[in-house]
Amino acid sequence: MKVLVATEKPFAAAAVQGIREIIEGAGYELALLEKYTDKQQLLDAVADADGLIIRSDIVDNQVLDAAKNLKIVVRAGAGYDNVDLTSATAHNVCVENTPGQNSNAVAELAFGMMVMAARNMYDGKSGFELKGKHLGIQAFGQVGRNVARIGQGFGMEVEAVDPYCPETAMVELNVKPVKTVAELYAGNQFVSINIPATPETIKSINYELITSMPKNGVLVNTARKEVIDEEGLERALADRSDLRYVSDVRSGNADALLEKFPGRVFFTPKKMGAQTAEANANAGTAAARQTVDFLRDGIDKFRVNR
Ligand code: 3PG
């Protein structure tokens, strides 16, 4: 059996070594396709793979058609909006993610960007502090919980909204549950977006929500660009000169925003929330173990396309 690790944005070398030990230790062959620039390279590499480990790499119907032996795709990470689940199910391919394995790394970057925004992108002028400020967390999943923990360390007042999470889970962690997304944005100077991109969330962060934020609002996006209504964001930044937007996911209008609102907008050059040695090792080796568990024993605990 052959397992392909296809990562346009590679894991750290030590993480790849950990993956190799697990895959080869199970008696399987490991193939590596890193930094590929052309989809055809993926189509060729996946042709004889039984298992596939990816990050944000796109696995669509064409890839699944090309992968004649494929039985499992593991997205080493949280969001699996890059995999066509319907097509995978039709191709009898199990799709899994590795929830929680990179969430601390993403949460830490959210704070890196919050501090940067509060200190005027480190331009030397007087900024403001996080301590004592209100932090709203949109979705209380694994990343959201890490954002809450770190925010409390900064001395922030933390609130969260999540229709899929019981309020008791928030209260146990000293996080105040709020009922609606509108309430979260209106009540928090800092808002951290930690929702997946789904039909329900795409373009849901709109002009009304963003402009409802309190004075000196800082909106932090370490989730997906698709959840932002880009035109609404641009209008909000134009109408409210005190608002700031910092993001690990580059929007379609990023260049225009950077030009129009200098010092108030920031994008990482490439999505790097999960790009730490620890997160690479955690997510990569979890993906390798899950792949072996499935190919060898049929275990599909983390399956997302049931
Ligand atoms: C995730 O969904 O796990 C994060 O967005 C990280 O994505 P990446 O593996 O492409 O860095």
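Refer to the preceding data block for the structure.
All figures in this text were calculated on a predicted structure; none of them were measured in a lab. (Residues numbered from 1 in each chain as written. Predicted model: local features only at pLDDT ≥ 70, side-chain atom pairs only at ≥ 80, totals over all residues. Heavy atoms only, no water.)

Novice: Explain the pairing of strand β10 (residues 218-221) residue by residue, including any values.
Specialist: Judged by which residues are buried, β10 turns out to be covered on both faces: Val218 and Val220 on one side and Leu219 and Asn221 on the other are all buried. As defined by bridge partners, strand β9 (residues 190-193) adjoins β10 across four bridges and the pair is classed as parallel. Of the residues in β10, the one forming a bridge with Phe190 is Val218. Of the strand pairs in this sheet, β10 and strand β11 (residues 244-247) are connected by four bridges, and their pairing is parallel. Counterpart to Val218 in the pairing with β11 is Arg244. After leaving β10, the chain enters helix α10 (residues 230-239) and then returns to the sheet as β11, a path that is right-handed. (Buried < 20%, exposed > 50% of the residue type's maximum accessible area, 1.4 Å probe, protein only. Helix = DSSP H or I, 4+ residues; strand = E, 2+ residues; numbered from the N terminus. Pairing = 2+ DSSP bridges. Right-handed = clockwise from strand over helix to strand, strands pointing away.)

Novice: Requested: an account of the nonpolar core, with residues and values cited.
Specialist: Phe111, Met114, Leu135 and Phe190 are the most contacted members of the largest nonpolar core, which has 32 residues in total. Only α5 (103-118), β6 (134-138), α6 (142-153), β7 (157-161), α7 (167-171) and β10 provide two or more residues apiece to this core. Of the residues forming this core, the biggest block, 10 residues, is contributed by α5. Other than its neighbours up to four places away in sequence, Phe190 contacts Met114, Ala118, Phe128, Leu130, Lys133, His134, Leu135, Gly136, Met156, Met213 and Val218. (Core = buried A, V, L, I, M, F, W, Y, C linked by side-chain atoms within 4.5 Å. Contact = heavy atoms within 4.5 Å.)

Novice: Give me helix α1 (residues 13-25): which residues, what numbers.
Specialist: Taking 1.5 Å as the rise per residue, α1 with 13 residues should run 18 Å; its terminal C-alpha atoms sit 18 Å apart, in good agreement. Residues of α1 that are buried in the fold lie against β1 (2-7), β2 (29-34), β3 (51-54) and α12 (277-297). Count one or two residues on from α1 and you reach Gly27, which has phi positive near 90 degrees. (Expected span 1.5 Å × (residues − 1).)

Novice: Please set out the sheet that holds strand β5 (residues 94-97) residue by residue, giving values where relevant.
Specialist: Reading across the sheet, the five strands line up as β2-β1-β3-β4-β5 and stay open at both edges, with parallel pairing between neighbours. If you trace the sheet from one side to the other, it starts and ends with β2 and β5, each paired once. Within the sheet, the average angular offset between the axes of one strand and its neighbour, ignoring direction, is 15 degrees. Strand direction decides the pairing type here: β3 and strand β4 (residues 72-75), joined by four bridges, are parallel. Its bridge partner lying in β4, Gly51 is registered against Ile72. Across the face of the sheet, α12 comes into contact with β1, β3, β4 and β5 while running at roughly 160 degrees to β4. (Axes fitted to C-alpha atoms, helices over the stretch in contact; angles between N-to-C directions.)

Novice: Any chance you could break down the site of the ligand for me, citing the residues and the numbers?
Specialist: Residues in close proximity to the ligand include Lys9, Arg55, Ser56, Arg75, Gly77, Ala78, Gly79, Asn102, Arg224, Lys271 and Ala274, which together make up its full environment. Contacts to the ligand include Asn102, whose side-chain N or O atom sits 2.9 Å from an oxygen atom. One nitrogen or oxygen atom from the side chain of Arg224 is found 2.8 Å from an oxygen atom belonging to the ligand. For the ligand, the accessible surface in isolation is 320 Å², of which the surrounding protein chains cover 94%. Of all the cavities here, the one that holds the ligand is the largest pocket. Here the shell around the ligand is composed, by residue class, of two nonpolar, four polar and five charged. (Near = heavy atom within 4 Å. Polar contact = N/O pair within 3.5 Å; in protein donor to acceptor, adjacent residues only side chain to side chain. Areas by Shrake-Rupley, 256 points an atom, 1.4 Å probe, with all protein chains shown as cover. 1 Å grid on protein atoms, 1.4 Å probe; cavity = no way out; pocket = protein on both sides within 12 Å on 5 of 7 lines; lining within 4 Å. Sits in = over half its atoms within 2 Å of the grid points. Nonpolar A, V, L, I, M, F, W, Y, C, P; charged D, E, K, R; others polar.)

Novice: Can you break down the sheet that holds β10 residue by residue, with the values?
Specialist: With parallel pairing, seven strands are arranged side by side in an open sheet as β8-β7-β6-β9-β10-β11-β12. Bordering the open sheet on either side are β8 (176-177) and β12 (265-267), each of which pairs with just one other strand. This element, α6, spans β6, β7 and β9 of the sheet and lies at about 170 degrees to β6.

Novice: Describe in detail the layout of surface pockets, supporting the description with residues and values.
Specialist: For the largest pocket, the calculated volume is near 1,300 Å³. For the largest pocket, the lining is made up of 50 residues, of which Ala139, Asn194, Ile195, Pro196 and Ala197 are closest to its centre. Of all elements in the fold, only α5 and α6 reach the threshold of two or more residues within the lining of the largest pocket. The leading source of residues in the lining of the largest pocket is α6, at four residues. Here the residues of the lining of the largest pocket are counted per class, giving 22 nonpolar, 17 polar and 11 charged. The volume enclosed by the second largest pocket comes to roughly 550 Å³. Taken together, 23 residues form the lining of the second largest pocket, with Glu8, Ser56, Asp57, Ile58 and Lys271 sitting closest to its centre. Tallied by class, the residues present in the lining of the second largest pocket amount to five nonpolar, four polar and 14 charged. (Points joined across faces, edges and corners; volume = space filled by probe spheres on them.)

Novice: Give me the lowdown on the pattern of salt bridges, citing residues and values where you can.
Specialist: One pass over the full model with this rule turns up 17 salt bridges. Linking Glu8 and Lys270 is a salt bridge whose minimum nitrogen-to-oxygen distance equals 2.9 Å. Here Glu8, found in the loop between β1 and α1, pairs with Lys270, found in the loop between β12 and α12; they are 262 residues apart in sequence, far enough to count as distant. Accessibility expressed as a relative area gives 34% for Glu8, which makes it partly exposed. For Lys225, the salt bridge is made with Glu226, and the minimal N-O distance between the two is 3.7 Å. Exposure remark for Lys225: the relative accessible area of 36% places this residue in the partly exposed category. (Salt bridge = Lys/Arg side-chain N within 4 Å of Asp/Glu carboxyl O.)

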